[in-house]
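A closer look at the structure
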Amino acid sequence: MVPSPWLGRLALWLAAASAVAILLSIAVSQILLALALAVLLLSGLPLRWPRVSIPLALFLGWSLIALAFSPDPHFGIPTVRKMFVVYPMLLIVYSSVRTLREARWLIFAWIGVGVITAGRGLFQYAADVAGARAAHQNFYNYYIADRIRGFMSHWMTFSGQELFVLLLAVAFLLFSPGVKRWLWLGLPCVAVTGTALILSDTRTIWGAAVVAGFYLLWEWRKWAAIAMPVVLFLGLLVAPTAVQERVRSIRDPHGQLDSNSQRKIVWSVGWQMIKAHPLLGVGPEEIRKKEVFDAYLPANIHYPLPDGNYQHLHSIYIHYAAEDGVPAAFFLTGALMLAIVDFHRALRSLSAGRSNRRFLLEGAIACVIGTMISGIAEKNLGDTEVLTMFLTILCIGYLAAAPPKVDSVTG
C-alpha cells in the first residue's frame, strides 16, 4: 500500500489529541485513540513498536498466563481490557509521531493543558482553604482526605500527570535550543505546575519530583543539583503550614489521617501473597476481593484497619508481584530500566550543547525516574490516565533515541 500523506497527518493529529485529552477525560482520549488507530491502518504508514515493547509484552503476556490460572479469570477481565485499550498507545504514537518537531509540539500541548489543569487545582485549593475556615476546622484535617484534583477524579491521578508536565517543562528550559525567547512563558508554566504539585500534598509525587528534578539539574549544572537541598529546605521554611505538616507526617503521621500505617499493612499482605504464590500470584484483580485480602492478612494485624484504599497494594513492584507473580514485576521493572539505558546511551552519542534530541531524551529519562520512584509507594501505572501519558513519553524518548541518520531524515 502506498502511504497516504494526508491520512498520515490525520493519524498524527488524532494520536496527539488523544495523548493531550487524557489530561481532561479518559473517554475522549480513548475515542480519539481508536480513531487514530483506524486512520493509521488506512494510511499505509509502516507500523512501528519501540524497543521497550518487548519487556512490556512479556509483562502483559505473563499477566495473561496468571489470569488463565487465576481462581476467577472472569474477575480479571479489566486487566485484559486495559491491555487492548491503553497499551496500543505504543504502536499508535510511535507510528504516527515521526519527527522531533512533532514530538516537541506534542509536549508543548501537554504543558499548555497541564498548566490549565494545575490552575484549576489552585482554585480548588483556595476553595478548600475558604471551606475549612467556614467550617471552623483545622485545614490539614479538612483537606488531606479530599485534595485538589484538577479535572481528574483523584488527587493521585492529578499529581501523577502534573509530575510529567513539570519534568518535561523543566527539561525544555534546561536543554532545548533557543529557549531564551520562551522564558517569559516557560518559567510561569513551571511555577504554576510546581505550585500545584506542592499544594497537592502528595508525598510519593514529591519524592519523585525531587529525585527526577535532581537528575535534570545534575545533567544541566552539577552545582545546581548540589544547591537543590538547600533551596528545598529554605522553601519549606516559608511553605504553608499544611505543607510543612505533610512533610513531617513522613516520620510522624497524624494517626490514621495519614496513610503510613495503611501502606505498611498492604505491603505486609502483598509479601504474604508473594511468598505463597511467587510464580503466578493470586490472579489479576483478585486483590480487590476482601476475602482474598483477608486470607493473607498477617496474624498480628486486626480489624478495624486504618482508613484507606485496600483494593491495591500501593506499589507497582509489590502489587504486580503479588497479583501476577514475581516474573511479571521483573518484566515491568526491566522495561523501565531498559528505557533509561537506551535513552542514556543515545545521550552519549550527542554533541555537547542544547538540542531537541537532548531535551526530549532528558525529559523522558526524568519521567521514567519519577515513575519508578513514585511507583515504590503507589500503583501509578495502574492508573489509565497516568499510564497513557507514560507510554506516550516512552515513544517520544525512543523517537529521540533514533540514530542521527534516521533523525536527519525525519526532522
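This text goes with the structure placed above it.
Residues numbered from 1 in each chain as written. Predicted model: local features only at pLDDT ≥ 70, side-chain atom pairs only at ≥ 80, totals over all residues. Heavy atoms only, no water.

1. Here we look at the pattern of salt bridges
Operational definition: We define a salt bridge as a contact between a side-chain nitrogen of Lys or Arg and a carboxyl oxygen of Asp or Glu at a distance within 4 Å. Secondary structure counts use DSSP, requiring at least four H or I residues in a row for a helix and at least two E residues in a row for a strand, with both numbered from the N terminus. Only protein chains enter the area calculation, which uses a 1.4 Å probe; residues under 20% of their type maximum are buried, those over 50% are exposed, and those in between are partly exposed.
Evaluation of the coordinates by the stated rule reveals ten salt bridges. Between Arg 9 and Glu 102 there is a salt bridge, with its nearest N and O atoms 3.6 Å apart. Taken as a pair, Arg 9 in helix α1 (residues 5–21) and Glu 102 in helix α6 (residues 100–134) lie far apart in primary sequence, 93 residues in all. With a closest N to O distance of 2.6 Å, Arg 263 and Glu 378 form a salt bridge. Linking Arg 263 in helix α13 (residues 260–276) with Glu 378 in the loop between α17 (356–374) and α18 (384–400), this pair joins segments that are 115 residues apart in sequence. Here Arg 263 and Glu 378 have matching classes, each one buried.

2. Let's talk about helix α15 (residues 316–324)
Put simply, the rule reads: Residue contacts follow a heavy-atom distance rule, with two residues in contact if any of their heavy atoms lie within 4.5 Å.
For α15, the buried fraction is high: seven of the nine residues fall into the buried class. Tucked inside the fold, the buried residues of α15 contact α3 (53–68), α13 and α16 (326–348). Looking one or two residues past α15, Gly 325 carries a phi angle of roughly 105°, positive in sign.

3. Some points on the packing of aromatic side chains
This is how the line gets drawn: Centre distance within 6.5 Å is the pairing criterion for rings of Phe, Tyr and Trp, where only the six-membered ring of Trp is used; planes under 30 degrees apart are then read as stacked, over 60 as edge-to-face, and the remainder as tilted. Our definition puts a charge over a ring when NZ of Lys or CZ of Arg is within 6 Å of the ring centre and also within 35 degrees of the ring normal.
Following the criterion strictly, the structure yields 15 aromatic pairs and no others. Seen in terms of ring centroids, Phe 164 and Phe 390 are 6.2 Å apart; in terms of plane orientation they differ by 25°. Their pairing is stacked. Linking Phe 164 in helix α8 (residues 155–175) with Phe 390 in helix α18, this pair joins segments that are 226 residues apart in sequence. Judged by its relative accessible area of 3%, Phe 390 is buried. Aromatic pair Phe 343 and Tyr 398: ring centres 4.9 Å apart, planes at 65°, arrangement edge-to-face. Of this pair, Phe 343 sits in helix α16 while Tyr 398 sits in helix α18, and the two are 55 residues apart along the sequence. Of the two residues examined, Phe 343 and Tyr 398, each falls in the buried class. Members of the aromatic cluster, joined through ring pairs, are Trp 105, Phe 108, Phe 172, Trp 182 and Phe 359. Across the ring face of Tyr 94, the terminal group of Arg 48 is positioned such that the distance to the ring centre comes to 4.3 Å. Here the basic side chain of Lys 289 rests over the ring of Phe 75, its NZ or CZ set 4.7 Å away from the ring centre.

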